[in-house]
Amino acid sequence: MGRKAMEEKEVLILAIESSCDETAAAVVRNGREVLSNVIASQIALHTQFGGVVPEIASRKHMEQINQVIASALKEAKVTLADITAIGVTYGPGLVGALLVGVAEAKAIAYAAKKPLVGVHHIEGHVAANFITRYPQKHAGDTLCQMTECPGWRLEPPFVCLIVSGGHTHLVIVKDYGEFEIIGRTRDDAAGEAFDKVARAVGLGYPGGPKIDQAARGGNPHAVEFPRAKVAGSPYDFSFSGLKSAVLNHINHARMTGEEICVPDLAASFQNAVVEALVGRSVQAAKEYGYDKLAIAGGVASNSALRAAMDRACKENGLRFHYPEPIFCTDNAAMIGAAAYYEYLKGTRHGWDLNAVPSLKLGEH
Ligand code: KG4
Ligand code: ZN
């Protein structure tokens with residue numbers, strides 16, 4: 001059966017995500033419509049340690065996962081019998097955390113006699129862009145081409161900037177689940193830089209949302225931090241120099257008794273990150289000849305990044321797409337969206353599926 005014919009059948013995916021500190025399950029119809037999206041966050045538990053503690057994460061996943069899955073089915077008003085396939089994140093991530101989701105998915109798939117589809121976590125983040133933003137149908141049959149229009153559907157090929165706590169990649173999404181990586185970070189991931197700077201200025205964990213919030217009252221040009229370029233690799237990123245510059249600025253201020261203006265510092269740091277991300281993404285889309293640009297991953301919910309991307313895309317005649325914030329940070333709906341397209345391609349995993357903590361993008 002061709003993809004078009006397959007797309008017309010109803011496919012319900014029960015998806016499970018447990019790669020880091022969110023225990024999540026969702027039911028997704030035909031890759032785009034989210035029937036339920038349940039997330040049990042462990043953030044409060046890890047905050048006291050200033051970051052995710054792997055052993056605590058896996059123990060908490062074990063405690064929560066059955067309840068989270070039961071809630072996802074209940075909210076979607078379906079039973080296991082209605083589900084077509086089970087999708088699960090099997091890498092990359094924390095091995096002990098991933099294992100809980102993988103073991104659970106295998107057990108359910110085996111008991112309910114459903115196909116098992118293992119999903120790459122980052123492929124899931126990208127697929128968050130396929131989730132329909134508004135459930136209502138667009139008036140009329142023809143799809144409007146305005147990004148703001150509820151009827152607009154993002155389809156490959158497009159360029160995608162993936163920015164999360166562990167990853168910073170610039171990729172061309174050639175087709176569903178097919179990626180060409182054209183840029184990556186040489187050191188810290190964008191989210192990691194946010195988290196480290198937030199910790200240094202005393203904003204706590206997780207830092208991204210705290211910096212985003214603090215920066216709203218600050219001047220993004222108060223401190224001119226360096227913009228690093230990677231020689232010979234126009235699409236690669238480097239954030240460790242910027243992070244060190246912020247730490248030096250803080251130390252210098254402390255030593256000289258100067259008061260640190262947290263909003264100004266947050267806004268200036270954020271502005272430097274956003275400029276690096278937006279500049280390379282737009283340049284890549286233009287140079288490789290794509291007219292659609294999407295963002296994905298936890299940092300994609302950053303308000304300054306979204307505003308700057310939107311502006312730059314408008315100026316350069318590109319269509320900009322971004323997931324709702326709830327689908328940017330870790331969730332299972334995005335895994336359900338990715339699993340759907342993998343399912344259509346025929347991806348099936350056996351009972352020997354294992355957690356792969358350093359799974360590469362594009363590997364199966
Ligand atoms: O995608 P994600 O939930 O988990 C990973 O797969 O890594 O991303 C988490 C990262 C954290 O570093 C967090 O600080 C960052 O995303 N983040 C943000 C914002 N919300 C989350 N960074 C900047 N601005 C935000 N609003
Ligand atoms: Zn993630």
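Residues numbered from 1 in each chain as written. Chains lettered and ligands numbered in written order. Predicted model: local features only at pLDDT ≥ 70, side-chain atom pairs only at ≥ 80, totals over all residues. Heavy atoms only, no water.

(A) Structural detail: the pairing of strand β8 (residues 178-184). Examined bridge by bridge, strand β7 (residues 168-175) and β8 share six bridges and lie antiparallel to one another. Its bridge partner being in β8, valine 171 is matched across the sheet by isoleucine 181. Turn length for the β7-β8 hairpin, with the two strands adjacent in sequence and antiparallel, is two residues, and the turn residue glycine 177 shows positive phi of about 75 degrees. (Pairing = 2+ DSSP bridges. Helix = DSSP H or I, 4+ residues; strand = E, 2+ residues; numbered from the N terminus.)

(B) Focus on the pattern of salt bridges. Applying the stated criterion across every chain yields a total of 14 salt bridges. Lysine 174 is the salt-bridge partner of glutamate 180, the closest N and O atoms lying 2.8 Å from each other. Residue class for glutamate 180 comes out partly exposed when judged on its relative accessible area of 31%. Classification of lysine 174 by relative accessible area gives partly exposed; the value is 42%. Salt-bridge contacts for aspartate 212 lead to arginine 216; the nearest nitrogen and oxygen are separated by 3.3 Å. Overall, the relative accessible area of 7% leaves aspartate 212 in the buried class. Under the relative-accessibility criterion, arginine 216 is labelled exposed at 53%. (Salt bridge = Lys/Arg side-chain N within 4 Å of Asp/Glu carboxyl O. Buried < 20%, exposed > 50% of the residue type's maximum accessible area, 1.4 Å probe, protein only.)

(C) Expanded view of the domain arrangement of the chain. Each domain of the chain was delimited in the assignment, giving domain 1 (3-129 + 328-345) and domain 2 (143-322). Measuring from the centre of the C-alpha atoms in domain 1 to the corresponding centre in domain 2 gives 26 Å. Taken together, the contacts link 19 residues of domain 1 with 26 residues of domain 2. Three residues, Arg32, Asn129 and Cys328, lead the burial of domain 1 against domain 2; their summed loss comes to 33% of the area buried on that side. (Domains from an automatic or database assignment. Contact = heavy atoms within 4.5 Å. Buried area = accessible area lost by both parts, 1.4 Å probe.)

(D) Inspection of unusual backbone geometry at higher detail. A cis amide bond, omega 5 degrees, links proline 156 with the succeeding residue proline 157. Examined against the element boundaries, proline 157 turns out to sit in the loop between α5 (121-127) and β6 (158-163). Of note, the phi angle at asparagine 30 is positive, near 45 degrees, even though the residue is not glycine. The residue lysine 77 is not glycine, and still its phi comes out positive at about 55 degrees. For lysine 77, a relative accessible area of 75% puts it in the exposed group.

(E) Looking closely at the packing of helix α3 (residues 54-75) against helix α4 (residues 95-112). One can describe the packing of α3 onto α4 by two numbers: an axis separation of 9 Å at closest approach and a directional angle of 30 degrees. Crossing of α3 against α4: the hand is right-handed. Packed against α3, whose contacting residues are Ser58, His61, Met62, Ile65, Asn66 and Ile69, the element α4 presents Gly96, Ala97, Val100, Gly101, Glu104 and Ile108 at the interface. Counted by class, the contact of α3 with α4 contains six nonpolar, five polar and one charged residues. (Axes fitted to C-alpha atoms, helices over the stretch in contact; angles between N-to-C directions. Left-handed = near helix turned anticlockwise from the far one by under 90°. Nonpolar A, V, L, I, M, F, W, Y, C, P; charged D, E, K, R; others polar.)

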